[in-house]
Amino acid sequence: MGVSTSAPDHSGENTGIAVVTVDYPPVNALPVQGWHDLADAVRAAGRDPDVRCVVLAAAGRGFNAGVDLKEMQRTPGHQALIGANHGCAAAFAAVYECEVPVVAAVHGFCLGGGIGLVGNADAVVAAEDATFGLPELDRGALGAATHLARLVPQHLMRTLYYTSRTVTAQELHGHGSVWRVVPRERLLEAALELAREIAAKDGSLLRLAKAAINGIDPVDVRRSYRFEQGFTFEANLSGVADRHRDAFVSSYGTSNRTSNGTSNMTGEQR
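From a predicted model like this one, the values you see are computed outputs, not experimental measurements.

Participant: I'm lost on unusual backbone geometry in this one. Help?
Facilitator: A negative phi angle characterises most non-glycine residues, just as the trans form characterises most peptide bonds. A cis geometry characterises the amide bond from proline 25 onward to proline 26, with omega recorded as 5 degrees. As for its placement among the helices and strands, proline 26 is situated in the loop between β2 (17-23) and α1 (32-47). Positive phi is not limited to glycine here, since serine 164 has a value of about 65 degrees. With respect to the helices, strands and loops of the structure, serine 164 is situated in the loop between α6 (154-163) and β8 (166-168).

Take a look at the structure:
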């Protein structure tokens, strides 16, 4: 359990690819330390001069279900909330600022903090069963609209945010934010195919290209997400966040709604 980094096996050759895998059963809802460990792993991979592309993947039932709300509920005061805020910000920034391109390989559910990771990735490959959304309002939180806005058009982002609905990988493919949609059993293979194509380029030029593309982004994702986090903390100070988190944790196992209103997932997400 935790965060691990590996190199794809390719007859002992250096492929220039690092695979960072998150594994926090049962639903990859990360504790505070898990977010920091993920940030450290992605940054370390990007600093490695032999790495030219990073694949961000996950084990288990889904890609990411956000913050571990049970950790937050059992920790007195606001320390776990502050820790989660800092941890998420660190992990999201690590993906965005990674010195080389990051390809996200997404399966199952990608919710809450998962949107922050995927929205900051350079490319997304998704399994046919992947769904994406921000159930924040149903969980007493705010945040990651910054990153959802990088995946869907503005009005759709707002509708998804206000309703806590999800969208499918195929829908995101239609918006151009998912590169390929493949059967789940082919997800890692497809992500590695794209990573190998990227990693075949000159490493120095790739690093310059990543810095240049980030430099022309119209939105400062660090500042924008930090602004959102201030409202999350305000919701906690008012008590409204605790009411929603308590209700969710006490009914652990209930489902979020998909884009057509049906249920598809259980877990403890942000």
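Participant: Explanation requested: the packing of helix α3 (residues 79-97) against helix α4 (residues 113-120) in the structure shown.
Facilitator: Axes are the key here: two packed helices are described by the angle between their axes and the distance separating the axes. For the pair α3 and α4, the least separation of the axes is 8 Å and the interaxial angle reads 15 degrees. Judged on the interaxial angle alone, α4 and α3 are roughly parallel. Relative to α4, α3 is oriented so that their crossing is right-handed. On α4, the residues touching Ala91, Phe92, Ala93, Val95 and Tyr96 of α3 are Gly113, Gly116, Leu117 and Asn120. Among the residues forming the contact of α3 with α4, the class breakdown is six nonpolar, three polar and no charged.

Participant: Before we go on, may I ask you to explain the pairing of β2 in this structure?
Facilitator: It is a general feature of regular strands that their side chains alternate between the two faces of the sheet. A large share of β2 lies buried, amounting to five of its seven residues. Where strand β1 (residues 2-6) meets β2, five bridges bridge the pair, whose relative direction is antiparallel. When the bridges of β2 are listed, threonine 5 appears paired with valine 20. Pairing between β2 and strand β3 (residues 53-58): six bridges, direction parallel. In the strand pairing of β3, alanine 18 is matched with valine 54. Regarding topology, α1 serves as the crossover connection from β2 to the parallel β3, and that connection is right-handed.

Participant: Is there a simple way to explain the pairing of strand β6 (residues 123-127) in this structure?
Facilitator: Among the five residues of β6, five are classified as buried, and the element is accordingly described as predominantly covered. Along β6, one buried face is formed by Ala123, Val125 and Ala127 and the opposite face, lined by Val124 and Ala126, is buried too. Two elements, strand β4 (residues 102-106) and β6, share four bridges in a ladder whose sense is parallel. Residue pairing for β6: alanine 104 is matched across the bridge by valine 124. Pairing geometry for β6 and strand β9 (residues 180-182), over three bridges, is parallel. Bridge pairing links alanine 127 to valine 182 in β9.

Participant: Help me understand the packing of α3 against helix α10 (residues 221-238) in this model?
Facilitator: The geometry of α3 relative to α10 is characterised by a closest axis approach of 11 Å and an angle of 165 degrees between their N-to-C directions. By the criterion of interaxial angle, the relationship of α3 to α10 is roughly antiparallel. The crossing of α3 and α10 is right-handed. Where α3 abuts α10, its residues Leu81, Ile82, Asn85, His86, Cys88, Ala89, Phe92, Ala93, Tyr96 and Glu97 lie against Val221, Arg222, Tyr225, Arg226, Gln229, Thr232, Phe233 and Asn236. Here the residues of the contact of α3 with α10 sort into ten nonpolar, five polar and three charged.

Participant: Would you take a moment to explain the environment of threonine 131 for this structure?
Facilitator: If you trace the backbone, threonine 131 turns up in strand β7 (residues 131-133). Separated by 23 residues in the primary sequence, threonine 131 and glycine 108 place their C-alpha atoms 6.2 Å from one another.

Participant: For this particular structure, what's the right way to read helix α8 (residues 187-199)?
Facilitator: Owing to its 3.6 residues per turn, the α-helix brings residues three or four apart onto one side. The first and last C-alpha atoms of α8 sit 18 Å apart over 13 residues, in line with the 18 Å expected at 1.5 Å per residue. Among the residues of α8, Leu187, Ala190, Ala191, Leu192, Leu194, Ala195, Ile198 and Ala199 are the ones counted as buried. The elements touched by buried residues of α8 are β2, β3, β4, β6, β9 and α9 (203-215).

Participant: Got a minute to help me understand the environment of threonine 232 in this structure?
Facilitator: For threonine 232, the location among the structural elements is in helix α10. Between the alpha carbons of threonine 232 and glutamate 136 there is a distance of 9.5 Å; along the sequence they are 96 residues apart.

Participant: Is there a simple way to think about the sheet that holds β3 in this case?
Facilitator: Neighbouring strands of a sheet are bound in pairs by backbone hydrogen bonds; such pairs are parallel or else antiparallel. The six strands are arranged β1-β2-β3-β4-β6-β9 in an open sheet whose pairing can be described as mixed. For this open sheet the edge positions go to β1 and β9, each flanked by a neighbour on one side alone. Across the sheet, the mean angle separating the axes of adjacent strands is 20 degrees when strand polarity is ignored.

Calculation rules
Residues numbered from 1 in each chain as written. Predicted model: local features only at pLDDT ≥ 70, side-chain atom pairs only at ≥ 80, totals over all residues. Heavy atoms only, no water. Helix = DSSP H or I, 4+ residues; strand = E, 2+ residues; numbered from the N terminus. Axes fitted to C-alpha atoms, helices over the stretch in contact; angles between N-to-C directions. Parallel < 35°, antiparallel > 145°, perpendicular 65-115°, else oblique. Left-handed = near helix turned anticlockwise from the far one by under 90°. Contact = heavy atoms within 4.5 Å. Nonpolar A, V, L, I, M, F, W, Y, C, P; charged D, E, K, R; others polar. Buried < 20%, exposed > 50% of the residue type's maximum accessible area, 1.4 Å probe, protein only. Pairing = 2+ DSSP bridges. Right-handed = clockwise from strand over helix to strand, strands pointing away. Expected span 1.5 Å × (residues − 1).

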